[in-house]
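Close look at the chain arrangement
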Amino acid sequence: MSETWIILGASSSIARAFARKLAERGDGVILAGRDTADLDRDAADARVRGAPLAETIRFDARDPATFAPLVARMAACEGTVSAAVFVGSMPAQSEIDADPALIDGVVTDNFTGPARVLQMLAPLMEERGGGTVVGVGSVAGDRGRIGNYVYGAAKAGFATYLSGLRNRLTRAGGHVVTVKPGFTDTAMTWGIEGMFLVAPPDKVAGDILRAVEKKRNVIYTPVFWLGIMSIIRAIPEPIFKKLSI
(Lines give C-alpha, C1' and ligand atoms only; values in the text may rest on other atoms or scores of the structure.)
Protein backbone atom coordinates (compact mmCIF):
# COMPACT_ATOMS: atom_id res chain seq x y z
CA MET A 1 0.00 0.00 0.00
CA SER A 2 1.39 3.40 -0.96
CA GLU A 3 1.90 6.26 1.44
CA THR A 4 2.03 10.01 1.03
CA TRP A 5 5.21 11.94 1.76
CA ILE A 6 5.65 15.62 2.49
CA ILE A 7 9.13 16.63 1.40
CA LEU A 8 10.41 19.79 3.06
CA GLY A 9 13.11 21.61 1.14
CA ALA A 10 12.09 19.74 -2.01
CA SER A 11 14.23 21.86 -4.33
CA SER A 12 17.50 20.40 -3.03
CA SER A 13 19.31 17.97 -5.30
CA ILE A 14 19.04 15.11 -2.81
CA ALA A 15 15.34 15.81 -2.19
CA ARG A 16 14.61 15.74 -5.91
CA ALA A 17 16.38 12.41 -6.30
CA PHE A 18 14.54 11.01 -3.27
CA ALA A 19 11.16 12.18 -4.61
CA ARG A 20 11.85 10.45 -7.91
CA LYS A 21 12.58 7.19 -6.12
CA LEU A 22 9.42 7.47 -4.01
CA ALA A 23 7.34 8.08 -7.13
CA GLU A 24 8.86 5.06 -8.85
CA ARG A 25 7.81 2.81 -5.97
CA GLY A 26 4.26 4.20 -6.12
CA ASP A 27 4.19 6.66 -3.22
CA GLY A 28 2.50 10.04 -3.32
CA VAL A 29 4.63 13.16 -2.86
CA ILE A 30 3.83 16.69 -1.77
CA LEU A 31 6.80 18.88 -2.61
CA ALA A 32 7.23 21.78 -0.18
CA GLY A 33 9.51 24.73 -0.79
CA ARG A 34 9.70 28.45 -1.42
CA ASP A 35 9.53 28.30 -5.23
CA THR A 36 6.45 26.25 -6.06
CA ALA A 37 6.64 27.19 -9.76
CA ASP A 38 10.01 25.47 -9.93
CA LEU A 39 8.68 22.46 -8.01
CA ASP A 40 5.70 22.10 -10.36
CA ARG A 41 8.06 20.55 -12.92
CA ASP A 42 9.22 18.00 -10.36
CA ALA A 43 5.62 17.19 -9.47
CA ALA A 44 4.84 16.57 -13.15
CA ASP A 45 7.88 14.31 -13.38
CA ALA A 46 6.75 12.38 -10.28
CA ARG A 47 3.35 11.73 -11.85
CA VAL A 48 5.01 10.35 -14.98
CA ARG A 49 7.14 8.07 -12.79
CA GLY A 50 4.08 6.59 -11.11
CA ALA A 51 3.18 8.78 -8.13
CA PRO A 52 -0.59 8.54 -7.48
CA LEU A 53 -0.41 12.05 -6.01
CA ALA A 54 2.15 14.74 -6.80
CA GLU A 55 1.54 18.31 -5.69
CA THR A 56 3.45 21.35 -4.52
CA ILE A 57 2.90 23.59 -1.53
CA ARG A 58 4.72 26.65 -0.24
CA PHE A 59 7.06 26.17 2.69
CA ASP A 60 9.63 28.50 4.22
CA ALA A 61 11.38 27.44 7.42
CA ARG A 62 11.58 31.11 8.42
CA ASP A 63 7.86 31.75 7.88
CA PRO A 64 5.72 29.94 10.47
CA ALA A 65 2.57 30.98 8.59
CA THR A 66 3.43 28.30 6.01
CA PHE A 67 3.49 25.47 8.56
CA ALA A 68 -0.20 24.90 9.37
CA PRO A 69 -1.29 24.54 5.71
CA LEU A 70 1.28 21.74 5.30
CA VAL A 71 -0.15 19.82 8.22
CA ALA A 72 -3.72 20.41 7.04
CA ARG A 73 -2.87 19.09 3.57
CA MET A 74 -1.30 15.96 5.04
CA ALA A 75 -4.32 15.43 7.28
CA ALA A 76 -6.49 15.42 4.17
CA CYS A 77 -4.49 12.53 2.71
CA GLU A 78 -5.78 9.03 3.32
CA GLY A 79 -3.66 6.30 4.84
CA THR A 80 -0.07 6.51 6.02
CA VAL A 81 1.66 9.88 6.01
CA SER A 82 5.42 10.39 6.16
CA ALA A 83 7.82 13.33 6.07
CA ALA A 84 11.34 13.96 4.81
CA VAL A 85 13.36 17.03 5.79
CA PHE A 86 16.03 18.32 3.42
CA VAL A 87 15.99 21.93 4.61
CA GLY A 88 19.23 23.72 5.41
CA SER A 89 21.51 26.67 4.88
CA MET A 90 25.25 26.99 5.46
CA PRO A 91 26.78 30.46 5.26
CA ALA A 92 30.55 30.52 5.49
CA GLN A 93 31.78 30.61 9.09
CA SER A 94 33.71 33.78 8.21
CA GLU A 95 30.43 35.46 7.24
CA ILE A 96 28.87 34.46 10.55
CA ASP A 97 31.93 35.72 12.42
CA ALA A 98 31.47 39.08 10.70
CA ASP A 99 27.70 39.16 11.31
CA PRO A 100 26.61 37.00 14.27
CA ALA A 101 22.96 37.80 13.49
CA LEU A 102 23.23 35.18 10.74
CA ILE A 103 23.15 32.53 13.46
CA ASP A 104 19.38 32.98 13.79
CA GLY A 105 18.77 31.98 10.18
CA VAL A 106 21.14 29.02 10.33
CA VAL A 107 19.44 27.61 13.41
CA THR A 108 15.96 28.22 11.98
CA ASP A 109 16.72 26.60 8.62
CA ASN A 110 18.59 23.60 9.97
CA PHE A 111 16.76 22.91 13.20
CA THR A 112 13.88 24.89 14.69
CA GLY A 113 11.84 25.48 11.53
CA PRO A 114 11.75 21.82 10.46
CA ALA A 115 11.36 20.68 14.07
CA ARG A 116 8.25 22.83 14.50
CA VAL A 117 6.64 21.25 11.44
CA LEU A 118 7.50 17.73 12.58
CA GLN A 119 6.14 18.50 16.03
CA MET A 120 2.86 19.55 14.41
CA LEU A 121 2.79 16.41 12.24
CA ALA A 122 3.56 13.99 15.08
CA PRO A 123 0.00 13.74 16.46
CA LEU A 124 -1.32 12.93 12.98
CA MET A 125 1.25 10.18 12.55
CA GLU A 126 0.40 8.78 15.98
CA GLU A 127 -3.30 8.85 15.12
CA ARG A 128 -2.66 6.95 11.87
CA GLY A 129 -0.42 4.44 13.67
CA GLY A 130 2.62 4.57 11.42
CA GLY A 131 4.64 6.57 8.94
CA THR A 132 8.28 7.52 8.68
CA VAL A 133 10.23 10.71 9.32
CA VAL A 134 13.51 11.19 7.47
CA GLY A 135 15.65 13.95 8.93
CA VAL A 136 18.72 14.94 6.96
CA GLY A 137 21.43 16.29 9.21
CA SER A 138 25.17 16.29 8.55
CA VAL A 139 28.42 14.76 9.72
CA ALA A 140 29.22 18.34 10.75
CA GLY A 141 26.91 17.83 13.72
CA ASP A 142 29.11 15.11 15.22
CA ARG A 143 31.76 17.51 16.49
CA GLY A 144 32.30 21.26 16.49
CA ARG A 145 35.03 22.26 14.05
CA ILE A 146 36.53 25.69 13.52
CA GLY A 147 35.38 25.87 9.90
CA ASN A 148 31.62 25.47 10.42
CA TYR A 149 30.73 25.13 14.09
CA VAL A 150 27.53 27.19 13.93
CA TYR A 151 26.13 25.03 11.15
CA GLY A 152 27.36 21.95 13.00
CA ALA A 153 25.68 23.06 16.21
CA ALA A 154 22.34 23.48 14.42
CA LYS A 155 22.62 20.02 12.86
CA ALA A 156 23.60 18.52 16.21
CA GLY A 157 20.51 20.03 17.77
CA PHE A 158 18.34 18.62 15.00
CA ALA A 159 19.87 15.16 15.44
CA THR A 160 19.08 15.22 19.15
CA TYR A 161 15.52 16.31 18.38
CA LEU A 162 15.14 13.43 15.91
CA SER A 163 16.36 10.98 18.53
CA GLY A 164 13.63 12.10 20.89
CA LEU A 165 11.00 12.08 18.14
CA ARG A 166 12.06 8.51 17.26
CA ASN A 167 11.51 7.55 20.88
CA ARG A 168 8.01 9.06 20.73
CA LEU A 169 6.80 7.79 17.34
CA THR A 170 8.11 4.25 17.85
CA ARG A 171 5.44 3.80 20.51
CA ALA A 172 2.75 4.50 17.90
CA GLY A 173 4.18 2.33 15.13
CA GLY A 174 6.14 5.09 13.40
CA HIS A 175 9.82 5.39 12.68
CA VAL A 176 12.48 8.10 12.37
CA VAL A 177 15.63 7.86 10.26
CA THR A 178 18.46 10.28 10.99
CA VAL A 179 20.66 10.81 7.95
CA LYS A 180 24.21 12.15 8.24
CA PRO A 181 25.63 12.84 4.78
CA GLY A 182 29.23 13.75 4.16
CA PHE A 183 30.23 16.05 1.31
CA THR A 184 27.54 15.91 -1.37
CA ASP A 185 27.35 17.60 -4.76
CA THR A 186 24.57 20.11 -4.06
CA ALA A 187 24.00 23.83 -4.52
CA MET A 188 24.84 24.40 -0.84
CA THR A 189 28.35 23.00 -1.27
CA TRP A 190 29.25 24.40 -4.69
CA GLY A 191 32.42 26.46 -4.56
CA ILE A 192 33.52 25.30 -1.11
CA GLU A 193 37.24 24.61 -1.03
CA GLY A 194 38.79 21.51 0.52
CA MET A 195 35.96 19.06 -0.15
CA PHE A 196 36.85 15.44 -0.85
CA LEU A 197 35.02 12.17 -1.50
CA VAL A 198 32.04 14.13 -2.82
CA ALA A 199 28.95 11.95 -3.33
CA PRO A 200 26.34 12.39 -6.08
CA PRO A 201 22.82 13.22 -4.81
CA ASP A 202 21.31 10.09 -6.37
CA LYS A 203 23.67 7.90 -4.33
CA VAL A 204 22.67 9.62 -1.10
CA ALA A 205 18.96 9.43 -1.98
CA GLY A 206 19.31 5.70 -2.66
CA ASP A 207 20.96 5.16 0.71
CA ILE A 208 18.13 7.06 2.39
CA LEU A 209 15.42 5.00 0.73
CA ARG A 210 17.15 1.74 1.70
CA ALA A 211 17.38 3.01 5.28
CA VAL A 212 13.65 3.75 5.25
CA GLU A 213 12.83 0.30 3.94
CA LYS A 214 15.12 -1.40 6.49
CA LYS A 215 13.96 0.87 9.34
CA ARG A 216 17.47 2.00 10.15
CA ASN A 217 17.80 4.52 12.97
CA VAL A 218 20.91 6.49 12.00
CA ILE A 219 22.92 6.25 8.79
CA TYR A 220 26.05 7.89 7.45
CA THR A 221 26.12 8.29 3.68
CA PRO A 222 28.23 7.27 1.94
CA VAL A 223 28.90 4.66 4.61
CA PHE A 224 32.64 5.34 4.84
CA TRP A 225 31.79 8.54 6.72
CA LEU A 226 30.90 6.37 9.70
CA GLY A 227 34.56 5.37 9.98
CA ILE A 228 35.84 8.90 9.34
CA MET A 229 33.60 10.44 11.99
CA SER A 230 34.34 7.66 14.50
CA ILE A 231 38.01 8.64 14.28
CA ILE A 232 37.24 12.37 14.55
CA ARG A 233 34.99 11.84 17.58
CA ALA A 234 37.71 9.75 19.26
CA ILE A 235 40.37 12.48 19.11
CA PRO A 236 40.92 13.82 22.66
CA GLU A 237 39.74 17.38 23.11
CA PRO A 238 43.19 18.75 24.13
CA ILE A 239 44.46 17.60 20.72
CA PHE A 240 41.31 18.28 18.71
CA LYS A 241 41.10 21.95 19.73
CA LYS A 242 44.46 22.57 18.05
CA LEU A 243 43.51 20.96 14.75
CA SER A 244 42.14 22.65 11.63
CA ILE A 245 39.98 19.92 10.15
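All residue numbers here refer to positions counted from 1 along the written sequence of the relevant chain. Per-residue local features of the predicted model are confined to residues with pLDDT of at least 70, and side-chain atom pairs are confined, for both listing and counting, to 80 or more; whole-chain, interface and lining totals are unaffected and use all residues. Each side-chain value is worked out from all heavy atoms of the structure, with water and hydrogens disregarded.

The name given to the chain in an unreviewed UniProt entry is Short-subunit dehydrogenase, and the organism recorded there is Rhodovulum marinum.

Quick word on the side chain of Thr178
Comment: elements are numbered from the N terminus, with helices defined as DSSP H or I runs of at least four residues and strands as E runs of at least two. Inspection of the secondary structure puts Thr178 in strand 6 (residues 175–181). Burial classes: relative accessible area under 20% of the type maximum marks a residue as buried, over 50% as exposed, and values in between as partly exposed (1.4 Å probe, protein chains only). Assessed through its relative accessible area of 3%, Thr178 is described here as buried. A distance of 2.6 Å separates polar atoms of two side chains, one belonging to Thr178 and the other to Arg166. In this description, contact between two residues means that some pair of their heavy atoms is separated by no more than 4.5 Å. Setting aside its immediate chain neighbours within four residues, Thr178 contacts Gly135, Ala159, Leu162, Arg166, Asn217, Val218 and Ile219. Polar contacts, as used here, are pairs of N or O atoms within 3.5 Å; protein pairs need one atom able to donate a hydrogen and one able to accept it. Residues neighboring in sequence count only if both atoms are side-chain atoms.

Considering the sheet that holds strand 2 (residues 28–33)
Pairing within the open sheet is parallel, and its 7 strands lie in the order 3-2-1-4-5-6-7. Either end of the sheet is taken by a strand with one partner, and the two such strands are strand 3 (54–58) and strand 7 (218–221). Pairwise comparison of adjacent strand axes, ignoring direction, gives a mean angle of 20° for this sheet. In terms of strand pairing, strand 5 (residues 132–136) meets strand 6 through 5 bridges, oriented parallel. When the bridges of strand 6 are listed, Thr132 appears paired with His175. Against the sheet, helix 5 (residues 102–128) touches strand 1 (4–8), strand 4 (81–85) and strand 5, its axis set at about 160° to strand 4. If DSSP finds at least two bridges between two strands, the strands pair. Inter-axis angles, ranging from 0 to 180 degrees, are taken between N-to-C directions of lines fitted to C-alpha atoms, where helices are fitted over the stretch in contact.

What about the packing of aromatic side chains?
Between 30 and 60 degrees the pair is tilted, below 30 it is stacked and above 60 it is edge-to-face, where a pair is any two Phe, Tyr or Trp rings, Trp via its six-membered ring, whose centres lie within 6.5 Å. Applying the stated rule across the entire model yields 5 aromatic pairs. Ring centres of Phe18 and Phe86 lie 5.7 Å apart, and the angle between their planes is 50°; on these two criteria the pair is classed as tilted. Here Phe18, found in helix 1 (residues 13–24), pairs with Phe86, found in the loop between strand 4 and helix 4 (93–98); they are 68 residues apart in sequence, far enough to count as distant. Accessibility expressed as a relative area gives 0% for Phe18, which makes it buried.

A word on the pattern of salt bridges
Salt bridge, as applied in this entry: a Lys or Arg side-chain nitrogen positioned within 4 Å of an Asp or Glu carboxyl oxygen. In total, this model carries 18 salt bridges according to the counting rule given. Note that Asp38 and Arg41 form a salt bridge whose closest N and O atoms lie 2.7 Å from each other. Highlighted residues: Asp38 and Arg41, both in helix 2 (residues 36–49), separated by 3 residues, approximately one helical turn. Asp207 is the salt-bridge partner of Lys203, the closest N and O atoms lying 3.2 Å from each other. A residue pair is termed a helical-turn pair when its members lie 3 or 4 positions apart in one helix, as Lys203 and Asp207 do in helix 7 (residues 201–214) at 4 residues. On the basis of relative accessible area, Lys203 is assigned to the partly exposed category, the value being 36%. Taking the relative accessible area as the measure of exposure, Asp207 reaches 12% and is therefore buried.

Considerations on the environment of Met125
The topology assignment puts Met125 in helix 5. On the basis of relative accessible area, Met125 is assigned to the buried category, the value being 3%. For the pair Met125 and His175, spaced 50 residues apart in the sequence, the C-alpha separation amounts to 9.8 Å. Every residue in contact with Met125, bar those within four places of it in the chain, is listed here: Val81, Gly130, Gly131, Thr132, Val133 and Leu169.

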